[in-house]
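# Structure assessment
Listed below, chain by chain, are the residues.
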Amino acid sequence: MQATTVMDAIQRSNPDLALELITMKTTGDKILGQKLDTIGGKGLFVKELETALLEERVDICVHSYKDVPVPEHPDLPIVAVLRREDPRDVLIYPAGRDTPDFTKPLGSASIRRQLQLRSVYPDWARAPIRGNIDSRLRKLDSGQFGGLVLAAAALKRLNMWNRVGREFSTEEVIPAACQGVLAIQGRAGENYGFLSAINCPDTRDTCHAERAFIRCLDGGCSAPTAAYATVKGGEMVLTGLYVNDLGQVRRSTVTGPRELAEVHGRYLAKSLQFGTIVG
């Protein structure tokens, strides 16, 4: 679905360009019974695709940008990003219900989500869940969970918005860095001018800030972080969340010129890490 979304966008701006879709299943898609941080982290969702790119079996790869590890592969830069889809997280109720079932755990694959949902649902037990969206929904509807948290963008792309029971604001649950963004990865030194029409400057700048934030904190599956930036005109607003070694959750916001996106990300990360910002 993600690849076809990108292909359609490329085709609209380059109608004479011949495109071929090559699908691959990554290690992260295959190993579903273990937590990501115990088997290699988010890089498992891109490893096979990057190998194909390096070996010139494909010319570009499409990723959910939030799954691309930081730092990025030096020979495989992100060469374009599409305009960001809905960045929020949403709550899915079991089939046939218009409220959650609080007698069963809230399912989430993300430590980031589980930590922030403590303040939204302090008395609701939480449990990890993995698999693609269809398999997670089957577990929910079969009675294993009382609710399920997913990314809004994924449900919209799959035309499954009718399953959404509650939409969390980005203030209630700060998204993962680059959530809702499709990124196109290429090889260093290649000409990717055909992607210029679909490369979104606003999304690019916000992603630079968010990824600088998590890179500075070495964010990943075992180190919960969240970052969400917006731009309006020449200004950027970046909100970040950081959990220190004691389990303390810290969050704050910085505002400044958008051309300093990466500077804002690093500054906010260090400020939260060393406790110099209160907000």
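Residues numbered from 1 in each chain as written. Predicted model: local features only at pLDDT ≥ 70, side-chain atom pairs only at ≥ 80, totals over all residues. Heavy atoms only, no water.

### A few points about the overall build of the chain
We apply this condition: A run of H or I in DSSP counts as a helix once it spans at least four residues, and a run of E counts as a strand once it spans at least two, with each numbered from the N terminus. Residue exposure (1.4 Å probe, protein chains only): buried if accessible area is under 20% of the type maximum, exposed if over 50%, otherwise partly exposed. A 1.4 Å probe and the Shrake-Rupley method give the accessible areas. Residues count as covered only by the protein chains that appear here.
Each helix and strand in the chain was counted, giving nine helices and 11 strands. Across the 279 residues in the chain, those meeting the buried criterion constitute 49%. When the accessible surface of the chain is summed, it comes to about 13,700 Å², and 49% of that surface belongs to carbon and sulfur atoms.

### What about the pairing of strand 11 (residues 249-257)?
Let me state the cut-off plainly: Each pair of strands is called paired provided DSSP finds at least two bridges between the two strands.
With nine bridges connecting them, strand 10 (residues 235-243) and strand 11 associate as antiparallel partners. Its bridge partner being in strand 11, V237 is matched across the sheet by T255.

### Details of the pattern of salt bridges
Note the following rule: Between Lys or Arg on one side and Asp or Glu on the other, a salt bridge is scored when a side-chain nitrogen of the former is within 4 Å of a carboxyl oxygen of the latter.
Throughout the structure, instances matching the rule amount to 19 salt bridges. R84 is paired through a salt bridge with E210; the nearest N and O atoms lie 2.9 Å apart. Here E210 lies in helix 8 (residues 201-216) and R84 lies in the loop between strand 2 (78-81) and strand 3 (89-92), a separation of 126 residues in the sequence. The two residues R84 and E210 agree in class, both being buried. Salt-bridge contacts for K156 lead to D86; the nearest nitrogen and oxygen are separated by 3.0 Å.

### A few points about the nonpolar core
Condition: The definition of a nonpolar core used throughout is a set of buried Ala, Val, Leu, Ile, Met, Phe, Trp, Tyr and Cys residues joined through side-chain atoms within 4.5 Å. Any two residues having at least one pair of non-hydrogen atoms within 4.5 Å are treated as being in contact.
Ranked by size, the top nonpolar core spans 16 residues in total, and within it A209, F213, L238 and L268 carry the most contacts. Looking at this core, the elements that each hand over two or more residues are helix 8, strand 9 (225-232), strand 10 and helix 9 (261-274). Here this core takes four residues from helix 9, the largest share from any one element. The contact partners of F213, leaving out residues within four places of it in the chain, are T225, A226, A227, G240, L241, G265, L268, A269 and L272.

### Here's the deal with the environment of I184
Looking at the element boundaries, I184 is found in strand 8 (residues 182-185). You can call I184 buried: its relative accessible area is 0%. Remark: the alpha-carbon pair of I184 and V79, spanning 105 residues in sequence, is separated by 5.8 Å. Aside from chain neighbours lying at most four places away, what touches I184 is V6, I60, C61, P77, I78, V79, A80, L82, L195 and I198.

### Structural notes on the sheet that holds strand 9
Basically, it comes down to this: Helix axes are fitted only over the stretch in contact, all axes being lines through C-alpha atoms; the angle between N-to-C directions runs from 0 to 180 degrees.
An order of 9-10-11 is seen for the three strands of this open sheet, with the pairing classed as antiparallel. In this open sheet, the two edge strands, each paired with only one partner strand, are strand 9 and strand 11. If you compare each strand with its neighbour and ignore which way they point, the axes differ by 10° on average. Of the pairings in the sheet, the one linking strand 9 to strand 10 comprises eight bridges and is antiparallel in character.

### Details of helix 4 (residues 47-54)
Definition in use: Picture the helix axis, draw a direction to every C-beta atom, and the arc is the one those directions span.
If you check which residues of helix 4 are buried, you get L49, E50, A52 and L53. Taken down its axis, helix 4 places every buried residue within 160° of arc, on the same side. Check the buried side of helix 4 and you find it contacts strand 1 (61-64) and strand 8. A positive phi of about 60° marks E56, the residue just after helix 4.

### Digging into the side chain of R187
Put simply, the test is: In the analysis that follows, any N or O atom pair within 3.5 Å is treated as a polar contact, provided that within protein one partner can donate a hydrogen and the other can accept it, and provided that, for residues neighboring in sequence, both atoms belong to side chains.
Positionally, R187 belongs in the loop between strand 8 and helix 8. Among the polar contacts made by the side chain of R187, one reaches the side chain of D59 at a distance of 3.2 Å. When near neighbours in sequence (up to four residues on either side) are disregarded, R187 contacts L53, E56, V58, D59, D75, L76, P77 and Y192.

### As for the sheet that holds strand 3
Taken together, the five strands give an open sheet; going across it, the order is 5-4-6-3-7, and neighbouring strands pair in mixed fashion. The open sheet is flanked by strand 5 (126-128) and strand 7 (164-167), the only strands paired with a single partner. When the angles between neighbouring strand axes are averaged without regard to direction, this sheet yields 30°. Sheet topology places strand 4 (residues 106-108) next to strand 6 (residues 147-151); two bridges connect them, and they run parallel. When the bridges of strand 6 are listed, G107 appears paired with L148.

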